[in-house]
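# Examining the three-dimensional arrangement
Listed below are the residues making up each chain.
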Protein chains: 2
Amino acid sequence: MEMTLFWIVPVASILALSFAYFFYKNMVKQDEGTPEMKRIAKHVRDGAKAYLKQQYKVVAWVFLALCILFAWMAYGPGLQNKWVWFAFLTGGFFSGLAGFIGMRTATMASARTANAARESLNSGLKIAFRSGAVMGLVVVGLGLLDISVWFVLLQYAFDSLPVAEKMTVLTTTMLTFGMGASTQALFARVGGGIFTKAADVGADLVGKVEAGIPEDDPRNPATIADNVGDNVGDVAGMGADLYESYCGSILATAALGASAYHLSEQAQFNAVIAPMLIAAVGIILSIVGIFLVRTDENATQNQLLRSLGKGVNFSSVLIAIFSFGIIYLLDMNLWIGGSIVVGLIVGLIIGKSTEYYTSQAYRPTQKIAESAETGPATVVISGIGTGMISTAIPVMAIVVGIMLSFLFASHFSFDNIGLGLYGIGIAAVGMLSTLGITLATDAYGPIADNAGGNAEMSRLGEEVRKRTDALDSLGNTTAATGKGFAIGSAALTGLALLASYIEELKVGLLRLGNEVLVVDGVDIPLHKANFVDFMHYYEVNLMNPKVLVGLFIGSMMAFLFCGLTMNAVGRAAQKMVEEVRRQFKTFPGILKGEQEPDYARCVEISTKGAQVEMIWPSILAIIVPILVGLVLGVSGVMGLLVGGLASGFVLAVFMANAGGAWDNAKKYVEEGNLGGKGSDVHKATVIGDTVGDPFKDTSGPSLNILIKLMSMVSIVMAGVTVAFHLL
Amino acid sequence: MEMTLFWIVPVASILALSFAYFFYKNMVKQDEGTPEMKRIAKHVRDGAKAYLKQQYKVVAWVFLALCILFAWMAYGPGLQNKWVWFAFLTGGFFSGLAGFIGMRTATMASARTANAARESLNSGLKIAFRSGAVMGLVVVGLGLLDISVWFVLLQYAFDSLPVAEKMTVLTTTMLTFGMGASTQALFARVGGGIFTKAADVGADLVGKVEAGIPEDDPRNPATIADNVGDNVGDVAGMGADLYESYCGSILATAALGASAYHLSEQAQFNAVIAPMLIAAVGIILSIVGIFLVRTDENATQNQLLRSLGKGVNFSSVLIAIFSFGIIYLLDMNLWIGGSIVVGLIVGLIIGKSTEYYTSQAYRPTQKIAESAETGPATVVISGIGTGMISTAIPVMAIVVGIMLSFLFASHFSFDNIGLGLYGIGIAAVGMLSTLGITLATDAYGPIADNAGGNAEMSRLGEEVRKRTDALDSLGNTTAATGKGFAIGSAALTGLALLASYIEELKVGLLRLGNEVLVVDGVDIPLHKANFVDFMHYYEVNLMNPKVLVGLFIGSMMAFLFCGLTMNAVGRAAQKMVEEVRRQFKTFPGILKGEQEPDYARCVEISTKGAQVEMIWPSILAIIVPILVGLVLGVSGVMGLLVGGLASGFVLAVFMANAGGAWDNAKKYVEEGNLGGKGSDVHKATVIGDTVGDPFKDTSGPSLNILIKLMSMVSIVMAGVTVAFHLL
């Protein structure tokens, strides 16, 4: 019967893709507006396409290199199974495809949103949001489709294996599909993040500060690049990031389920498909939620926010209820439903705390704005201080979430580690189950932002600007909560991946012909060895210097990765500044509005900058876990992963919140407080905002990738680590 | 024979104190200069005294509260021995005394340094450096004196205990003396750090930026407070920090030695006194080194640096050689001498890497200065980016240092964990063995800085200013390396304390009447239980959710603590700005130079600010480890400590280096590069420098304390944690 239930999974994924197609078609049918609007939209679309093409080229080389490595591992010394390189490729391909579709939709939608806003606020919201929903649904649809296909396929492929091993090998093989998604996400997030902020910072520094022209002014040569950046960073980058979390959490949980329930074949199968089923039902609820989003004309900011919230809340509440049904149908312990609810609530708390610390409606951001009265230095100091303090609530939420989801699933015992870790994985799946709609609200942001840019550049009327501004401002709030959500899910997914690393070790040892683990002088058959046995066998405790050293390196990796991406933005932005200054100087007609600037040149500079600058951080993220594995072995790798996770999570929250708060402190002043636009206070907050740009849109989000990617690399290379140390 | 060797320890400590007294007396004999110079010096001296008095008042209350707690623990349920509260008090008292003497010397020395600089550069250097040496020698002298007295005393006190237990109980009791030093250091570093930067930032924001008057201008009401701040932050605060590391590393290593060598009474005794002997010989070499520091007239910056380096290098090289002699005399494995050398080299590498990343002589800082061409935002971005990248070398140095010092001491086996951890402790002792002279070079900085301020305010001639500037600039370099050194020693000390936490657990279990540890079904007699047994018993492995959760909380604590102190500086500085503005407005005579500003009022504001703002971070640092112990038990506490250590260390390096680099990027521009003083580039770097002030002088250094204090609190409360979870 349970295999019957499983078919809901592919059906839901196809449903998601169908609705995505439906929304896309509906959007394309709309009018794109005046010739001027079309022209600008085309500039942005072409720029985005040009960038993606470059990015995919770099990615293709990396994939080729890794594929060769995996193929060698499989066909050479037999350190991986022969499906891995292909699973890896499909993971990367589908992630890239989702990014491409999402970005194409977004760049098609912006002018149409602006045009619809000429008619009414509601029409604008509908187009922007449903276009965002295309991204959300494509991500979950393609992710779950890939998972279902592999799941069916590998069941046949591994049919000859003994039952005890089959699900373990199957689920750990599928995990390597996540490695493909991780690698793709690395370049999308890091490259996209550098692109977007190089353009944004560069455009602001010359445009706003030096030339004194407003944001999105068509005279600014970097303005198109800035708009392109929103798409490649916030749409394609965010999408790839969450695609990875989505697939990673489902696959890791499946692997943990195969391990925790290995005593009964039926229970094991059910535990493996449980995360998939939760995700599938989440998709269906997300689609319904999307249809609930609509608003009245002349809606206030709060009403707009509430109408988005209605859709998201609907899906969340129902998935919480339905989850218990799924758990019941699968004949599992009903308390596991509690773990799902915990995941949903943790996501909610992190989102709310992000909102509190970054919205100008609350004191923390207002205080940052007030500190601007003594100049930019105090703005930066208080932004950093507040950002650091803002890590407390998300960390406590995750901490309590870990404990509760562990205990719910482990029959409230700290001894049932396998079950407990499965619970943590299930919490991650719960948090991400409604990704279809939450990602829609994220992807909506840059569409609305670009619509505003388009309206500004095509010089549409005041009324239209006001509407697109309202939509844009809503997008800023959802972007902030979306970021918190992306970080939270990365942390939980990271933990689940960490645990499934042990599963991969087990498979690696089996493949090398080991059958027992000798722990404290006792022989334990490998398929019976549990997490604690592995911890004892590899001495993964806090008095092992290799673990301690790994923790230090992991913590350092988070900072190093951040520092490299920060400086990358600084350098690329400087090149942009030079180009814009050059154009202004060489062609005086540009500033007078008599001559069109060379937009394409600026897009090219951002593209090149991103391409060059993403190489070092990317190589580091892939190489370091491999090296640590070879030098320090399993205990060092686990130290590395945990160190990177703990530091990286806190650092990511800090950077996202500080950046968001600076952004909105500026907006708070622009709304007329503390002297308003053009005052010294405003100038100080603009500096804070510029500092915050790479914080919130490049370095911070890139940490999500680092956290997951280092685990993925370790998982895929586990066989090599094991073999190397057995030599 | 070995007890005979031990007597070198008290002798060396008395020697240190004698030379400190000798240097002090010599300094006081010098002329303090013109009446104007004396008047200004008195202002600073009075301000510093007033601040210290306030700080000691707060500290007294905290000590009283903790003493009552410890007394209750000892005399009530018997969770600690009855010496602890008294040991705690003496630790705090001697630390406070060292701070007081150091600061009094520094404030006496600044005018005399300026006055001597009227005569020659060499005279100025000699007075400033030897006054700094007073601090250095008082810290090591009082520290080691306290340790020797307790060591002798407790040997009699615990004479009735069985041999196997005696040294364990003795050394763990002495550790609580470190808790006193930790608590004192907490307030000295945090309070002093907030004081100094509130004054500095406040003075700069109104003075330099708004009123356009130079630094150290006597018309600026906050200028005395700024000079006071250098003394309370960089002399008393730094001294207390390193006093704690010094005592903490010696005591923790002694405790680890008692454990690792418990099989032979003689070997155990030798292992316990080895760190003390190394420190004692280090003192003697430091004194000789201090006498080597002298320079030619008209020395260049490099020659000045080399003359300081000569003293430090002499002591370091000789201690490395002598250490092998000590190890030989104590009949220990000679490879342990290697651990000492490792500690010295790691300290050196961290210092050099700090210099590379923060000195304007190298590219990283110059690049930050160049980024100022596009305004303050890019200065801040590139400072943060570079600061983050700069964590890589120190982390790798510590990582390699941990591994090597572990392996040297453990006969190159990862299985001899007890011996290996002892090696890590010995490395920390090695790094700190020459503290007498390295701290002298640190404390020299603020004295030279104040001498410059005094010369400026008393309007001494151009020639004198040039000399004091040279001395000051030298101080900036030593301050940066000193900071790196303080962080590095805190990390190693933190690791040694972490390991000795296990020893304290053992004593706690014994005290509660336990005699065996049941590990994996096997009974292990407690005094035979090793580190691995404890790790297994408490399941301190990376798949235990309590450990993982502890790691997250530890990581978060580092950020939270930083954020609180950053915001504290922001708030206190703003109050300072308001006061200075008020004085300028109410008394227009001040800016014309016709009226003396109310310096005392500004000192008071900084004092109050520091007093109020240090409360929250301090309470957190003490309470959180206790709470984690009660809720999560031993495994949670160890997670917390390691998380705090790994994140805190990296964060501290980042903050110190970013702050130092911004400071020197500004100096690089002021030296005439990129447009020089007064240009837009200069203004942008001034903003970077102001942001960096709390980075490098408040939040960054405070993390050293957090790392050690959380361990100390856990150690002292170990009995409570154990008892609570046995209930």
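Since this is a predicted model, take the numbers as computed values, not measurements. (Residues numbered from 1 in each chain as written. Chains lettered and ligands numbered in written order. Predicted model: local features only at pLDDT ≥ 70, side-chain atom pairs only at ≥ 80, totals over all residues. Heavy atoms only, no water.)

### Here's the deal with the packing of aromatic side chains
Taken as a whole and judged by the stated rule, the model has 57 aromatic pairs over all chains. The interplanar angle of 20° and the centroid separation of 6.5 Å between the aromatic rings of Phe 534 of chain A and Tyr 538 of chain A together place this pair among those described as stacked. For the pair Tyr 356 of chain B and Tyr 357 of chain B, a centre-to-centre distance of 5.0 Å together with 75° between the ring planes defines the contact as edge-to-face. Residue Tyr 357 of chain B is classed as buried on the basis of its relative accessible area, which comes to 12%. Joined through ring pairs, the aromatic side chains of Phe 559, Phe 654, Trp 662 and Phe 695 of chain A together with Phe 559, Phe 654, Trp 662 and Phe 695 of chain B make up one cluster. Above the ring of Phe 414 of chain B, the side-chain terminus of Lys 546 of chain A is found at 4.2 Å from the ring centroid. (Phe/Tyr/Trp six-rings, centres within 6.5 Å; stacked < 30°, edge-to-face > 60°. Buried < 20%, exposed > 50% of the residue type's maximum accessible area, 1.4 Å probe, protein only. Lys NZ or Arg CZ within 6 Å of the ring centre and 35° of its normal.)

### A closer look at the pattern of salt bridges
Residue and element names in this part refer to chain A. This model, assessed by the stated rule, comprises 56 salt bridges over all chains. A salt bridge links Arg 465 to Asp 469; its shortest N-O distance comes to 3.6 Å. Taken together, the positions of Arg 465 and Asp 469, both in helix α16 (residues 462-511) and 4 residues apart, correspond to about one turn of that helix. When its relative accessible area of 17% is taken as the criterion, Arg 465 is described as buried. Take Asp 469: its relative accessible area is 36%, and that puts it in the partly exposed class. One network of salt bridges, in which partners are shared, links Lys 197, Asp 200, Lys 483, Asp 663, Lys 667, Asp 693, Lys 696 and Asp 697. (Salt bridge = Lys/Arg side-chain N within 4 Å of Asp/Glu carboxyl O. Helix = DSSP H or I, 4+ residues; strand = E, 2+ residues; numbered from the N terminus.)

### Examining the pairing of strand β1 (residues 516-519) of chain A
Residues and elements named next belong to chain A. Residue alternation in β1 divides its side chains into a buried set, Leu 517 and Val 519, and an unburied set, Val 516 and Val 518. When β1 meets strand β2 (residues 522-525), the two strands line up antiparallel, connected through 4 bridges. Across the sheet, residue Val 516 finds its bridge partner in β2, namely Pro 525. What sits between β1 and β2 in their antiparallel hairpin is a turn of 2 residues, with Asp 520 showing a positive phi close to 50°. (Pairing = 2+ DSSP bridges.)

### Quick notes on the packing of helix α2 (residues 8-29) of chain B against helix α4 (residues 84-119) of chain B
Residue and element names in this part refer to chain B. As a packed pair, α2 and α4 sit with axes 9 Å apart at the nearest point and diverge in direction by 35°. In this structure, the crossing between α2 and α4 has a hand that is left-handed. For the pair α2 and α4, the contacting residues are Tyr 24, Met 27 and Val 28 in the first and Arg 104, Thr 105, Met 108, Ala 109 and Arg 112 in the second. Counted by class, the contact of α2 with α4 contains 5 nonpolar, 1 polar and 2 charged residues. (Axes fitted to C-alpha atoms, helices over the stretch in contact; angles between N-to-C directions. Left-handed = near helix turned anticlockwise from the far one by under 90°. Contact = heavy atoms within 4.5 Å. Nonpolar A, V, L, I, M, F, W, Y, C, P; charged D, E, K, R; others polar.)

### Let's talk about the confidence of the model for chain A
Mean pLDDT over chain A: 92, with 100% of residues reaching 70 or higher. In the predicted complex, the global pTM is 0.96; the interface-specific ipTM is 0.96. (pLDDT = per-residue confidence, 0-100.)

### Observations regarding the interface of chain B and chain A
On the side of chain A, 79 residues touch chain B, which itself brings 79 residues to the contact. When chain B packs against chain A, close to 6900 Å² is buried across both sides, 84% of that on carbon and sulfur atoms. Looking only at chain B, the three residues that lose the most surface to chain A are Met 543, Phe 552 and Phe 559 of chain B, adding up to 13% of its buried area. Across the chain B-chain A interface, the total number found is 0 salt bridges. (Buried area = accessible area lost by both parts, 1.4 Å probe.)

### Here we look at the relation of the copies chain B and chain A
Between chain B and chain A, the superposition needs a rotation of 180° and an axial shift of 0.0 Å, giving an RMSD of 0.0 Å. The superposition operator between the copies reduces to a two-fold rotation axis. Nearest to the rotation axis, the C-alpha of Asn 541 of chain B is located 2.1 Å from it, this being the minimum over chain B. Both copies contact each other with a shared surface, as 100% of the interface residues of chain B are interface residues in chain A too. (Least-squares fit on C-alpha atoms with pLDDT ≥ 70 in both.)

### Re unusual backbone geometry
Residue and element names in this part refer to chain A. Even without glycine at this site, Arg 459 takes up a positive phi of about 50°. Tracing the backbone through its elements, the reader meets Arg 459 in the loop between α15 (435-457) and α16. Unusually for a residue other than glycine, Glu 539 sits at a positive phi of about 50°.

### Quick notes on the state of the cysteines
Evaluation of the coordinates by the stated rule reveals 0 disulfides over all chains. Unpaired in terms of disulfides, Cys 562 of chain B finds its nearest cysteine sulfur in Cys 562 of chain A, a separation of 14 Å. (Disulfide = S-S within 2.5 Å.)

### What to know about helix α13 (residues 392-409) of chain B
Residue and element names in this part refer to chain B. The terminal C-alpha atoms of α13 lie 26 Å apart, and with 18 residues this matches the ideal 26 Å at 1.5 Å per residue to within 8%. Burial analysis of α13 places 14 of its 18 residues in the buried class, which makes it a mostly covered element. At the C-terminal side of α13, His 411 shows a positive phi close to 55°. (Expected span 1.5 Å × (residues − 1).)

### As for helix α9 (residues 301-329) of chain A
Residues and elements named next belong to chain A. Taking 1.5 Å of rise per residue, the 29 residues of α9 would be expected to cover 42 Å, and the 42 Å separating its terminal C-alpha atoms lies within 8% of that figure. Listed in full, the buried residues belonging to α9 are Leu 304, Ser 307, Leu 308, Gly 309, Gly 311, Val 312, Ser 315, Ile 319, Ala 320, Ser 323, Ile 326 and Ile 327. In this structure, the buried side of α9 is in contact with α5 (121-157), α8 (265-292), α10 (336-358), α15 and α16.

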